[in-house]
Amino acid sequence: MTGEFELRCPISPDLGYIRDLVRIHGRHHGLSGDRLEDLALAVNEAVINVLDHGGQAGLVTARGHEHGVSVEVLDVGGRLSDAHLADVPVDPRGGQGFGLWVIRHLCDEVTLEQTGLGSVLGLHFHGDSAAVIPIGRSGGRPHRSTRTA
Amino acid sequence: MGAPWQPQPAPRPAKAPSRALTLTHQHLPGMSVVAVAGELDRTNSAKLAEYLDRVHRPGDHVVFDLTELAFLDSSGLHVLLARARACAAEGTGMHLAGASGAPARLLTITGVDGHLPVYAAVQEAITTVLAIRRG
């Protein structure tokens, strides 16, 4: 399909609004249920990262494609590096660094690119029907990961 | 990325979010039970911290009823974990009950559900705390 919709919204502290926009976009491109919420949370965390640790300004760009949905989060601060994405376990007692850890475990693929405008974190979600190889210790993308005890 | 782009403020929605954070509490023997409903994120996590400062009785366990929690992000989780540390320092505990969906997934991914007691339902958490108090 050509002429796909593309979502572009500025980084802003209005996280609920950004999540809603991302959910609409993700749903339109075939994500649903837990995966749609994973997308919303991953983008939420990436935006927080820009606000709290980056340049506090940037752009969220989401687009659908044949494999699912990809969201690029531009941080004009541009301080994000591959080292930040390294597989360093978080301390569940409340240390910092949950954001990127969560992103890495929610997304099917995470990319980082340095551009003239800043660093661009790429959050890639494969469609529900796509065969996906799980990454990380989260054990992939269970459709009902809700635990009850 | 197309044409050169300059940062600018996002347009705000005309109406308030429909899933606003709602906080309620009740005091039971030895525990403060706090129900967190709606969406808990960076925009309102400080509100929860202030609320806890107000309603958490010193020496009480804290039971969080997350049954109606629709969304939880890392900022909200930090507030919960800060309270867990405060409880541990007092010799009590923090208990997370009723989380499902995306909030439950965040607790799992971060390993918090292996570190803090997690319950399917709030009644289960209350029963457990009562048993702890009886020793």
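Residues numbered from 1 in each chain as written. Chains lettered and ligands numbered in written order. Predicted model: local features only at pLDDT ≥ 70, side-chain atom pairs only at ≥ 80, totals over all residues.

A. How the structure looks around the overall build of chain A. Counting its regular elements, chain A contains 3 helices and 5 strands. Split into buried and exposed, the 149 residues of chain A put 44% on the buried side. A fraction of 63% describes how many contacts in chain A between residues 6 or more apart in sequence connect residues 24 or more apart. (Helix = DSSP H or I, 4+ residues; strand = E, 2+ residues; numbered from the N terminus. Buried ≥ 20, exposed ≤ 12 C-beta atoms within 10 Å, placed from the backbone. Contact = placed C-beta atoms within 7 Å.)

B. Representation of the overall build of chain B within the structure. Helix and strand content of chain B: 5 helices and 6 strands. Listed N to C, the secondary structure of chain B is β-β-α-β-β-α-β-α-α-β-α in terms of helices and strands. Of all 135 residues assigned to chain B, the portion counted as buried reaches 44%. Considering only intrachain contacts with a sequence separation of at least 6, the fraction spanning at least 24 residues in chain B is 72%.

C. Broad picture of unusual backbone geometry. The phi angle at Q56(A) is positive, at roughly 65°, despite the residue not being glycine. For Q56(A), the position within the fold is in the loop between α2 (33–53) and β2 (58–65).

D. Up close: the sheet that holds strand β1 (residues 6–10) of chain A. All names here are of chain A. Spatially, 5 strands are ordered β1-β2-β3-β5-β4 in an open sheet, and the strand pairing comes out antiparallel. Since the sheet does not close on itself, it has two edges, and those belong to β1 and β4 (109–115), each with one partner. Across this sheet, the average inter-strand angle for adjacent strands is 15°, counted without regard to direction. (Pairing = 2+ DSSP bridges. Axes fitted to C-alpha atoms, helices over the stretch in contact; angles between N-to-C directions.)

E. Quick look at the confidence of the model for chain B. Looking at chain B as a whole, its pLDDT mean stands at 91, while 87% of the residues score no less than 70. Interface scoring of the predicted complex returns ipTM 0.84; its pTM is 0.84. (pLDDT = per-residue confidence, 0-100.)

F. Focus on the packing of α2(A) against helix α3 (residues 101–109) of chain B. Interhelical geometry of α2(A) versus α3(B) gives an angle of 65° and a closest axis separation of 10 Å. Considering how the two elements wind past one another, α2(A) and α3(B) form a crossing that is right-handed. Facing α2(A), whose interface residues are D34(A), E37(A) and L41(A), α3(B) presents G101(B), A102(B), R105(B) and L106(B). Considering only residue class, the contact of α2(A) with α3(B) consists of 3 nonpolar, 1 polar and 3 charged. (Left-handed = near helix turned anticlockwise from the far one by under 90°. Nonpolar A, V, L, I, M, F, W, Y, C, P; charged D, E, K, R; others polar.)

G. Region of the structure containing the environment of P29(B). Looking at the element boundaries, P29(B) is found in the loop between β1 (22–28) and β2 (31–40). For P29(B), a count of 9 C-beta atoms within 10 Å gives the class exposed.

H. Representation of the confidence of the model for chain A within the structure. Residue and element names in this part refer to chain A. This prediction gives chain A a mean pLDDT of 84; 83% of its residues lie at or above 70. Confidence, expressed as mean pLDDT per element, reaches its minimum in chain A at helix α3 (residues 98–106) with 93 and its maximum at strand β3 (residues 68–75) with 97. Under a pLDDT of 50 for its full length, residues 130–149 has, in the predicted model, 30 contacts with residues more than four places off or in other chains.

I. Geometry of helix α1 (residues 15–28) of chain A. With 14 residues, α1(A) extends 20 Å between its outermost C-alpha atoms, agreeing within 8% with the 20 Å of an ideal straight helix rising 1.5 Å per residue. Taken together, the buried positions of α1(A) are occupied by L15(A), G16(A), I18(A), R19(A), L21(A), V22(A), H25(A) and G26(A). The inward-facing, buried residues of α1(A) abut β1, α2, β2 and β3 of chain A together with β2 of chain B. Trailing α1(A) by a residue or two, G30(A) shows a phi angle of about 100°, which is positive. (Expected span 1.5 Å × (residues − 1).)

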